Amino acid sequence: MNLNNAIIHLITGEITLQKKELLYEGKAKKMYLSSEEGYLIQEFKDDATAFNGTKKGVIPHKGEINNAISSFLFEYLENYHIPTHFVEKLSSTEMLVRKLEIIPIEIVMRNVAAGSLCARYNIPEGTIMEYPVLEHYLKDDKLHDPMINEYHAYAFGHANPEEMHAISRIAAKVNAILKSFFDRRNLILVDFKMEFGKRGLEINLGDEISPDTCRIWDKRTHKKLDKDRFRHDMGGVEKAYAELRDRIVNS
Ligand SMILES: Nc1ncnc2c1ncn2[C@@H]1O[C@H](COP(=O)(O)OP(=O)(O)OP(=O)(O)O)[C@@H](O)[C@H]1O
Ligand SMILES: [Mg+2]
């Protein structure tokens, strides 16, 4: 049976898609094989980490909130013809995704100065970038995700020039779409990280888009509604995540 039938069944509530063995457990999510070749079940955990896993904690309901926000934003981006791995939200903490060959490079887009950019270039937090900044980081916890450029990606065999150009194009488009999405909700998309993967020759946006992977501030108060509240013990983490979910999903 191919997935389409399974989706048809899903809509009619008859679940025929089975969750199979655990493929990978990361710091924030678990990836399971499914009964459908080429499709994974991505489960969001309440576990939170920061500073390359040196800081650990649990944020109640984070898994549910990040799954709701990621599902909503992936579906929204698909409407703008952004190719993502998202297929279907399956439960409060699970989504069905296309299995990708992840390119181990985190793509960070920055619209406002925050985090490591401030430290690296001595720029005050909150400084608006004249032009969105795109950065590349090698996904390698042992090396603390070092910053790289395209040439490292080619030399290390992670992606070729066509793929890196496609990724930069999609990343810039995602940033433009989400920046105005959040602006209409009186929110500032300060910065966010993306992961991309290959599916055959196609490049898809994978992983998640959530307050774990974005910095999002209230436009009027600059109140932080993201993982910085956990990073810097600002308190009110769960409440801020829930507020962001409500301002995204229920708007
Ligand atoms: N569609 C997909 N197909 C295959 N793997 C995916 C897909 N989407 C995300 N992944 C991978 O699944 C894992 C998700 O787990 P999690 O986000 O907890 O990651 P992690 O490895 O701890 O590391 P990091 O937090 O640095 O991403 C990541 O390694 C991510 O690259
Ligand atoms: Mg991750």
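Quick caveat, the model's predicted, so the values are computed rather than measured.

## Thoughts on the overall build of the chain
Argument step 1. Helix and strand counts for the chain stand at seven helices and 14 strands.
Argument step 2. Relative to the 2.2 N^0.38 estimate, which gives 18 Å for 251 residues, the radius of gyration of the chain is 18 Å and therefore close to what a compact globule would have.
Argument step 3. Over its C-alpha atoms, taken along the principal directions, the chain stretches across nearly 55 × 45 × 35 Å.
Argument step 4. A total of 251 residues make up the chain; the buried ones form 50% of that total.
Argument step 5. Contacts in the chain between residues at least 24 apart in sequence constitute 57% of all its contacts with a sequence separation of at least 6.
Argument step 6. Both charge centroids of the chain, one from 35 positive and one from 38 negative side chains, sit 4 Å from each other.

## Quick look at the domain arrangement of the chain
Argument step 1. One can read the domain layout of the chain as domain 1 (3-98) and domain 2 (101-236).
Argument step 2. Placing the centre of domain 1 and that of domain 2 at their C-alpha centroids yields a distance of 20 Å.
Argument step 3. Opposite the 31 residues of domain 1 that make contact, domain 2 presents 28 residues.
Argument step 4. Between domain 1 and domain 2 lies a buried interface of about 2,500 Å² when both sides are counted; carbon and sulfur atoms form 61% of it.
Argument step 5. Of all residues in domain 1, Asn-52, Leu-73 and Pro-83 bury the most surface against domain 2, accounting for 20% of the area lost on that side.
Argument step 6. For the pair domain 1 and domain 2, the interface holds five salt bridges.
Argument step 7. Residue Lys-55 is joined to Asp-233 by a salt bridge in which the shortest nitrogen-to-oxygen separation is 2.7 Å.
Argument step 8. At the surface where domain 1 touches domain 2, the tally comes to 17 residue pairs in polar contact (both at pLDDT 80 or more).
Argument step 9. Ranked by residues supplied to the side of domain 1 that touches domain 2, first place goes to helix H2 (residues 62-79) with nine residues.
Argument step 10. Looking at the side of domain 1 that touches domain 2 residue by residue, the classes come out as 16 nonpolar, nine polar and six charged.

## Focus on the site of ligand 1
Argument step 1. If you check the shell around ligand 1, you find 19 residues, and the closest are Tyr-24, Lys-27, Lys-29, Lys-139 and Glu-195.
Argument step 2. At a separation of 2.7 Å, an oxygen atom of ligand 1 approaches a polar backbone atom of Lys-27.
Argument step 3. Contact distances for ligand 1 include 3.0 Å between a nitrogen atom and a backbone N or O atom of Leu-100.
Argument step 4. For ligand 1, the accessible surface in isolation is 600 Å², of which the surrounding protein chains cover 88%.
Argument step 5. Put simply, the parts of the chain that give the shell around ligand 1 at least two residues each are strand E2 (29-34), strand E3 (39-44), strand E7 (94-98) and strand E12 (187-199).
Argument step 6. Residue composition of the shell around ligand 1, grouped by class: seven nonpolar, three polar and nine charged.
Argument step 7. When we break the shell around ligand 1 down by domain, the ones giving at least three residues each are domain 1 (3-98) and domain 2 (101-236).

## Brief notes about the nonpolar core
Argument step 1. Judged by nonpolar contacts, the single largest core of 52 residues is most densely connected at Val-174, Leu-178, Phe-182, Met-194 and Phe-196.
Argument step 2. Ranked by residues supplied to this core, first place goes to helix H5 (residues 161-183) with 10 residues.
Argument step 3. Each of domain 1 (3-98) and domain 2 (101-236) accounts for three or more of the residues forming this core.
Argument step 4. Not counting the four nearest positions on each side in its chain, Phe-182 is found in contact with Leu-73, Leu-187, Leu-189, Ile-216 and Ile-248.
Argument step 5. Of all hydrophobic cores here, the second largest spans six residues; its members include Tyr-32, Tyr-39, Ile-41 and Val-87.

## Some details on unusual backbone geometry
Argument step 1. The backbone phi angle of His-61 is positive, close to 70°, even though this residue is not glycine.
Argument step 2. Position of His-61 among the secondary structure elements: in the loop between strand E5 (55-58) and H2.
Argument step 3. Phi at His-144 is positive, roughly 60°, even though this residue is not glycine.
Argument step 4. Mapped onto the elements, His-144 comes out in the loop between strand E10 (128-138) and strand E11 (147-148).

## Notes on the sheet that holds E2
Argument step 1. The sheet built from five strands is open, its strands ordered E1-E2-E3-E7-E6 with antiparallel pairing. The sheet is open, and its two edges are formed by strand E1 (19-25) and strand E6 (86-89), each paired on a single side. On average, each strand axis in the sheet is tilted by 30° relative to the strand beside it, whichever way the strands run.
Argument step 2. Inspection of the sheet shows E2 paired to E3 by five bridges, in the antiparallel sense. Bridge assignment links Lys-29 to a residue of E3, and that residue is Phe-44.
Argument step 3. Packed on one face of the sheet, H2 meets E3, E6 and E7 and runs near 130° to E6.

Parameters at a glance
- Residues numbered from 1 in each chain as written.
- Chains lettered and ligands numbered in written order.
- Predicted model: local features only at pLDDT ≥ 70, side-chain atom pairs only at ≥ 80, totals over all residues.
- Heavy atoms only, no water.
- Helix = DSSP H or I, 4+ residues; strand = E, 2+ residues; numbered from the N terminus.
- Rg over C-alpha atoms; globule rule 2.2 N^0.38 Å.
- Buried < 20%, exposed > 50% of the residue type's maximum accessible area, 1.4 Å probe, protein only.
- Contact = heavy atoms within 4.5 Å.
- Lys, Arg positive; Asp, Glu negative; His and termini not counted.
- Charge placed at Lys NZ, Arg CZ, Asp CG, Glu CD.
- Domains from an automatic or database assignment.
- Buried area = accessible area lost by both parts, 1.4 Å probe.
- Salt bridge = Lys/Arg side-chain N within 4 Å of Asp/Glu carboxyl O.
- Polar contact = N/O pair within 3.5 Å; in protein donor to acceptor, adjacent residues only side chain to side chain.
- Nonpolar A, V, L, I, M, F, W, Y, C, P; charged D, E, K, R; others polar.
- Near = heavy atom within 4 Å.
- Areas by Shrake-Rupley, 256 points an atom, 1.4 Å probe, with all protein chains shown as cover.
- Core = buried A, V, L, I, M, F, W, Y, C linked by side-chain atoms within 4.5 Å.
- Pairing = 2+ DSSP bridges.
- Axes fitted to C-alpha atoms, helices over the stretch in contact; angles between N-to-C directions.

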